[in-house]
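Residues per chain are reported as follows:
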Amino acid sequence: MEVRNDVNNDPWGLGYKIVMRKLGTLASIPDLEESMMDNIVNSLFPDHEERRDPERTFMDDPPFFTEYELKAAARSLKNNKAPGPDGVPSEQRKGHPRDAERIPSALYARHIREIAGATAKTAHSRIHRIAAQRGNAYSKRIVLLAALDIRNAFNSLQWVDVINALARRFSTPMYLMQMIRSYLSDRELLYHTRNGMKTKKISFGAAQGSVLGPDLWNASYDEIFSIEMPDNVHLVGFAYDVAAVITARNMHEAQLKLQQVVKRTMACMDDRGLKLATEKTELILLTKRQIPLEIEMQVWDSTIKTSKVMKYLGIHLDSRMSYRAQINHAVEKPSKASASLRKLMANVGGPTEGKRKLLMAVVNAVLLYGSEVLSNTLQINQKRNALQKVPRTAALRVTSAYRTVYGAAVLVISSPMPIDFLNEGEHI
């Protein structure tokens with residue numbers, strides 16, 4: 001009871017962490033021999049032949065930001081995101097860009113995203129458009145989606161390739177180049193062994209979890225999408241998740257094109273010190289034809305079996321592009337979150353209505369993950385109704401109602417935003 005009542009003072013406090021299983025301890029330092037830890041570190045952060053960056057032109061002072069750049073960078077900040085250490089939310093910065101201390105860093109991120117520009121949404125949008133042209137059940141066209149895996153991708157990125165791509169391919173301003181060169185210099189990895197702390201000099205890789213990591217990777221990796229490919233073959237991707245969308249008349253033609261895609265991609269990656277893990281390639285056939293959907297195909301020197309469902313960039317794709325697997329997954333996860341949060345919300349006592357709505361917003365956030373991809377599919381009543389069961393359960397907890405209450409009535413009382421409106425404008 002005490003934990004439930006404390007939710008009114010701190011909705012994200014101990015009660016929330018307990019029911020959502022957010023409580024945990026720091027992982028203990030592995031008690032391994034020094035030689036074994038050295039092998040692990042060297043495997044994850046391999047040494048490559050270091051290539052020097054010949055162009056080092058420095059400037060005394062960077063140019064001042066213009067008011068147009070400040071406003072443009074402010075607009076690029078996303079809403080409903082946690083503020084930084086200064087506690088100022090993005091919405092306020094958009095209204096007062098002159099006072100936005102984080103704007104200079106946003107300018108760099110905006111510059112990289114404009115030039116290397118892919119997102120998970122645009123990648124799925126291209127796959128959807130290509131698969132939509134595959135024809136009907138009597139058509140001879142099939143679409144093969146091959147998700148390629150890069151071995152130890154982020155840790156193998158060579159910094160000189162990042163610098164060259166930013167300078168030559170994207171014409172990045174010199175003051176930003178100077179900033180990135182400084183960011184990538186004198187970096188070390190600290191790791192524990194049984195005999196104490198050790199260090200390893202790092203001259204490769206894009207730090208995972210960092211703000212700049214994905215942008216640096218995109219800048220260097222962008223050139224792969226300009227590789228000449230066979231007819232009716234398109235490369236799509238975001239960060240290191242690259243996929244080939246192959247359109248063919250039959251499986252034999254699809255197999256030949258797949259081998260050409262792998263061969264050309266491997267050649268491009270070899271020049272950058274990257275390796276393709278062909279044994280980890282995932283394949284799925286996108287077709288309406290009544291043909292076997294699980295068949296073995298050759299991916300360079302590996303034999304891979306096509307799947308009926310494949311997860312790509314967080315979305316579960318199925319062979320018929322019905323997104324049924326994604327909808328089932330989208331219902332399962334928020335249902336578990338709702339069941340967990342329900343423990344904090346008894347019918348008598350507990351949090352106030354406002355705090356209940358705030359906590360149940362977590363359920364909506366989980367439910368709407370990938371909704372921009374599903375927006376067209378949700379026009380079908382049967383599939384939309386499957387998702388609407390989750391908001392009804394959440395509404396029962398917000399209103400402290402019993403489960404026998406009519407669904408439409410409890411949704412009116414709790415006043416959540418309908419799924420249709422939340423998805424409005426997000427069509428791919």
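What you see is a predicted model; the values in this text were computed from it and never measured.

Rules used in this analysis
- Residues numbered from 1 in each chain as written.
- Predicted model: local features only at pLDDT ≥ 70, side-chain atom pairs only at ≥ 80, totals over all residues.
- Heavy atoms only, no water.
- Core = buried A, V, L, I, M, F, W, Y, C linked by side-chain atoms within 4.5 Å.
- Buried < 20%, exposed > 50% of the residue type's maximum accessible area, 1.4 Å probe, protein only.
- Helix = DSSP H or I, 4+ residues; strand = E, 2+ residues; numbered from the N terminus.
- Contact = heavy atoms within 4.5 Å.
- Polar contact = N/O pair within 3.5 Å; in protein donor to acceptor, adjacent residues only side chain to side chain.
- Salt bridge = Lys/Arg side-chain N within 4 Å of Asp/Glu carboxyl O.
- Lys, Arg positive; Asp, Glu negative; His and termini not counted.
- Pairing = 2+ DSSP bridges.
- Expected span 1.5 Å × (residues − 1).
- Arc of directions from axis to C-beta.
- Axes fitted to C-alpha atoms, helices over the stretch in contact; angles between N-to-C directions.
- Parallel < 35°, antiparallel > 145°, perpendicular 65-115°, else oblique.
- Nonpolar A, V, L, I, M, F, W, Y, C, P; charged D, E, K, R; others polar.
- pLDDT = per-residue confidence, 0-100.

Among the nonpolar cores identified, the biggest contains 46 residues, and Leu144, Ile150, Trp217, Leu258, Val261 and Leu283 are the most heavily contacted of them. Counting residues per element, this core draws most heavily on helix α11 (residues 251-270), which supplies 7 residues. What leucine 283 contacts, discounting residues up to four positions off in sequence, is Leu144, Leu145, Ala146, Leu258, Met297, Val299, Ile304, Lys305, Thr306, Ser307 and Met310. Counting residues in each nonpolar core, the second largest holds 37 residues, with Ala243, Leu367, Leu387 and Val390 among its members.

Mapped onto the secondary structure, lysine 200 falls in strand β3 (residues 196-202). On the accessibility criterion, lysine 200 (11% relative accessible area) is buried. Separated by 3.2 Å, the side chains of lysine 200 and asparagine 42 make a polar contact. Excluding residues within four positions of it along the chain, lysine 200 makes contact with Val41, Asn42, Phe45, Asp47, Arg187, Glu188, Leu189 and Tyr191.

This paragraph deals with unusual backbone geometry. Not every positive phi belongs to a glycine, and tryptophan 300 is a case in point at roughly 60 degrees. Structurally, the position occupied by tryptophan 300 is in the loop between β7 (296-299) and β8 (302-305). The phi dihedral of methionine 321 is positive, around 55 degrees, even though this residue is not glycine. Relative to the helices and strands, methionine 321 is located in the loop between β10 (315-318) and α12 (324-341).

Taken as a whole and judged by the stated rule, the model has 6 salt bridges. Notably, a salt bridge pairs glutamate 34 with lysine 198, separated by 3.0 Å at the nearest N-O pair. With a gap of 164 residues between them, glutamate 34 in helix α3 (residues 34-44) and lysine 198 in strand β3 connect regions that are remote in the sequence. Between lysine 275 and aspartate 270 there is a salt bridge; the shortest N-O distance is 3.4 Å. Each member of the salt-bridge network shares a partner with another, and the members are Glu34, Asp38 and Lys198.

This part takes up the side chain of aspartate 318. The residue aspartate 318 is located in strand β10 in this model. This buried residue, aspartate 318, is left without a salt bridge; arginine 320 holds the nearest opposite charge, at 6.8 Å. A polar contact of 3.1 Å, which involves the side chain of aspartate 318, links it to the backbone nitrogen of arginine 320.

A regular strand carries its side chains on alternate faces of the sheet. Every second residue of β7 is oriented toward a common face, the buried set being Met297 and Val299 and the non-buried set Glu296 and Gln298. When β7 meets β8, the two strands line up antiparallel, connected through 4 bridges. Pairing of valine 299 across the sheet is with serine 302, part of β8. Linking β7 to β8, which pair antiparallel, is a turn of 2 residues; within it tryptophan 300 sits at a positive phi near 60 degrees.

Let's shift gears to α11. Because each turn of an α-helix spans 3.6 residues, side chains separated by three or four positions in sequence point in the same direction. Helix length check: α11 (20 residues) gives 28 Å between terminal C-alpha atoms against 28 Å at 1.5 Å per residue, within 8%. Looking only at α11, the buried set comprises Ala254, Gln255, Lys257, Leu258, Val261, Val262, Thr265, Met266, Cys268 and Met269. Summarising the axial view, the buried residues of α11 lie within an arc of 170 degrees, below the 170-degree limit, and thus occupy one face. Close packing links the buried residues of α11 with β1 (142-148), α10 (213-221), β4 (233-238), β5 (241-248), β6 (282-286) and β7. Near the N-terminus of α11, the side chain that reaches the backbone nitrogen of histidine 252, with its oxygen 3.2 Å away, is that of asparagine 250.

On to the packing of helix α8 (residues 159-169) against helix α9 (residues 174-183). The geometry of a pair of packed helices is captured by two quantities: the angle between their axes and the separation between those axes. For the pair α8 and α9, interaxial distance at closest approach is 11 Å and the crossing angle is 175 degrees. In terms of their interaxial angle, α8 and α9 are classed as roughly antiparallel. Residue-level inspection shows Ile163, Leu166 and Ala167 of α8 in contact with α9, the latter providing Met177, Ile180 and Arg181. Of the residues belonging to the contact of α8 with α9, the class tally is 5 nonpolar, no polar and 1 charged.

Attention now goes to the environment of leucine 374. Locating leucine 374 in the fold gives a position in helix α14 (residues 371-374). The buried category is assigned to leucine 374, whose relative accessible area is 2%. Between the C-alpha atoms of leucine 374 and tyrosine 323, which are 51 residues apart in sequence, the distance is 7.3 Å. For leucine 374, the contacting residues outside a window of four places in its chain are Tyr323, Gln326 and Ile327.

A word on the confidence of the model for the protein. Looking at the protein, pLDDT values average 76 and 71% of them are 70 or higher. Mean pLDDT per element in the protein: helix α6 (residues 103-116) is the minimum at 50, and β6 is the maximum at 94. Segment residues 97-104 is flagged for pLDDT under 50; beyond a separation of four residues in sequence, or across chains, it makes 18 contacts in the model.

Quick look at the sheet that holds β4 now. A sheet is described by the order of its strands in space; here 4 strands give the open sequence β4-β5-β1-β6, paired in antiparallel fashion. Bordering the open sheet on either side are β4 and β6, each of which pairs with just one other strand. On average, each strand axis in the sheet is inclined to that of its neighbour by 20 degrees, with strand direction left out of account. In terms of strand pairing, β1 meets β6 through 5 bridges, oriented antiparallel.

A few words on the packing of α12 against helix α13 (residues 353-367). Interaxial distance between α12 and α13 falls to 8 Å at its minimum, and their mutual angle equals 170 degrees. Between α12 and α13, the crossing angle belongs to the class labelled roughly antiparallel. Touching Ala330, Lys333, Pro334, Ala337, Ser338 and Leu341 of α12 are Leu359, Met360, Val362, Val363, Val366 and Leu367, all from α13. When the residues that make up the contact of α12 with α13 are grouped by side-chain class, the tally is 10 nonpolar, 1 polar and 1 charged.

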